[in-house]
Amino acid sequence: MSSELLLEPDAFAYGGKSVATMPSGKRCFIRGGVPGDRLRAVLKQEKKSYAEAEIVEIVKPSPDRIVPVCPFAANRSCPGCSYAQVDYSVELAWKQRQFERFLQHSGVVTEEKISAPVGAAQRTGWRNKIKLTAEKNATEVKTGYRMDDNRTVLDLRDCLLARPEISRLMRETLSSAEFRNSLPEGLSFLTFRFTPHDGALLLEREEQGGLLLDTIPSYGDFHVPRFSFFQINTAMMSRLAAEFIRIAGELKPELFVELYCGCGVFSVLAVEAGIGKVYGVEIDPGSIAAAERNLHEHGLQHCKFLAGDAVKALGQLPLKTSRRTLFLVDPPRAGLEQKVIDALGTGTVRDLIYISCAPDTLARDLARLGAQGWRVVSSRLFDLFPSTSHFESMTLLNR
């Protein structure tokens, strides 16, 4: 393996690394590079179909390169902010290109079905939840993010992605020698959370019960279990909510079903939008209890929440009905189970919204849904995770 080589990245790959062609013709991924750079790099590993390298020197910077505001991004020691070295407009354009490539490669989405992306209003200070790894041994304590090797912990006291309230608490807590000495030996985890009602908190134990009260701008307050899922960028979540309400207003469904509903945000919005009958399904009983409370505190009825696995709950849902039904799925990164896709294909559901945080599994599932007779009406990227390699999307399908 050669120790050093000159590379000129020509793209950002999904995941945020830049990509260049080696003299051998093999594609090489470089974290921290920018298309248009000329880099002196050292090869870290070489596989049969690709290689990975690390920047030694930026020989000639790309016209798109900027100095990152975060010192950890500037010295390429943190893997989190993949696009900190370019302006946000460049980041958003590359994310859109990645999104389009995944969807068009699936064979069921044509270019005209993909809408312009919805960019974030702010690039830093948006995360309402930060989870860090704490590593303590006889000689040192580290608190921070895991690196690419999934073993090394980058020691830090702050993160510019965090809400300012979380940043203040992180600096105060993680700079305290007393707190660091109190951490248990070995590995543990620290979760910092902020809501407008509860303020900034350090959540102590995963098994700890109780609810937090968060706010989605323009759409009100929602209770959520302390450690359960809730969108970490609530300002951008309001943009997703607005798109959902627009689609529901055009389709005018009589029945709405939400799989993987969490604390019931879209179900509550559906009832508020005037949909007569609403079902929500979520495997976490705590989130279902929060969803029922959210429904009650929004002054609503006409919604039934089911606690259980999405596949097992399918038999309790009205998949065959004469009423026009809008289905919404918001699965984890792994995407939809095949049994869910099969059930949607055999029922009478006509309209489907698929919210995804993983364009690779989204593209796979769109192809599977296409085989069941579904066709994409529109698809749109929502950048809920600016500066990072991740993004959300909303796709509307019908049969």
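Because the structure is predicted, anything quoted here is derived from the model rather than measured.

Novice: Explain helix H10 (residues 359-371) to me, and be specific about the residues and the numbers.
Specialist: Working note: α-helix, 3.6 residues per turn, so residues spaced by three or four point in the same direction. The end-to-end C-alpha distance of H10 is 18 Å, a good match for the 18 Å that 13 residues give at a rise of 1.5 Å each. Buried within H10 are the following residues: Pro-359, Thr-361, Leu-362, Ala-363, Asp-365, Leu-366, Leu-369 and Gly-370. Contacts made by the buried residues of H10 are with helix H2 (88-105), helix H9 (338-346), strand E18 (351-356), strand E19 (375-382) and strand E20 (392-398). Among the residues trailing H10, Gly-373 stands out with phi positive, at a value near 100°.

Novice: How would you explain the packing of H9 against H10 if you had to name every residue and give the values?
Specialist: Between H9 and H10, whose axes approach to 9 Å, the crossing angle comes to 35°. Read as a crossing pair, H9 and H10 show a hand that is right-handed. Residues Gln-338, Ile-341 and Leu-344 of H9 form the contact with H10, whose participating residues are Asp-365, Arg-368 and Leu-369. Residues belonging to the contact of H9 with H10 are distributed by class as follows: three nonpolar, one polar and two charged.

Novice: If you had to explain the sheet that holds strand E2 (residues 11-12) to someone new, which residues and values would you point to?
Specialist: Read across the open sheet, the six strands follow the order E1-E5-E6-E4-E3-E2; overall the sheet is mixed. A strand with exactly one partner marks an edge of an open sheet, and here the two such strands are strand E1 (5-7) and E2. Bridge count between E1 and strand E5 (residues 38-46): three bridges; the pairing is antiparallel. By the bridge assignment, Leu-7 is partnered in E5 with Leu-39.

Novice: Please provide a residue-by-residue account of the sheet that holds E19, values included.
Specialist: Strand order across the open sheet formed by seven strands is E16-E15-E14-E17-E18-E20-E19, with mixed pairing between neighbours. Both edges of this open sheet fall to strand E16 (303-307) and E19, since each of them pairs with a single strand only. For this sheet, the mean angle separating the axes of adjacent strands, direction not counted, is 15°. Note: strand E15 (residues 277-282) against E16, five bridges, orientation parallel. Pairing of Tyr-279 across the sheet is with Lys-304, part of E16. Of the strands in this sheet, E15 and E16 are in contact with helix H7 (residues 285-297), which crosses E16 at around 170°. Set on the sheet, H10 makes contact with E18, E19 and E20; between it and E18 the angle comes to about 160°.

Novice: Could you give me a rundown of the pairing of strand E17 (residues 325-329), with the residues and numbers involved?
Specialist: Burial analysis of E17 places five of its five residues in the buried class, the great majority of the element. With burial as the criterion, each face of E17 is covered, one bearing Thr-325, Phe-327 and Val-329 and the other bearing Leu-326 and Leu-328. As paired elements, strand E14 (residues 255-259) and E17 share five bridges and run parallel to each other. When the bridges of E17 are listed, Phe-256 appears paired with Leu-326. Alignment of E17 against E18, held across four bridges, turns out to be parallel. Paired with Leu-328 across the two strands is Ile-353, which belongs to E18. Taken together, E17, H9 and E18 constitute a β-α-β crossover, and its handedness is right-handed.

About the cut-offs
Residues numbered from 1 in each chain as written. Predicted model: local features only at pLDDT ≥ 70, side-chain atom pairs only at ≥ 80, totals over all residues. Heavy atoms only, no water. Helix = DSSP H or I, 4+ residues; strand = E, 2+ residues; numbered from the N terminus. Expected span 1.5 Å × (residues − 1). Buried < 20%, exposed > 50% of the residue type's maximum accessible area, 1.4 Å probe, protein only. Contact = heavy atoms within 4.5 Å. Axes fitted to C-alpha atoms, helices over the stretch in contact; angles between N-to-C directions. Left-handed = near helix turned anticlockwise from the far one by under 90°. Nonpolar A, V, L, I, M, F, W, Y, C, P; charged D, E, K, R; others polar. Pairing = 2+ DSSP bridges. Right-handed = clockwise from strand over helix to strand, strands pointing away.

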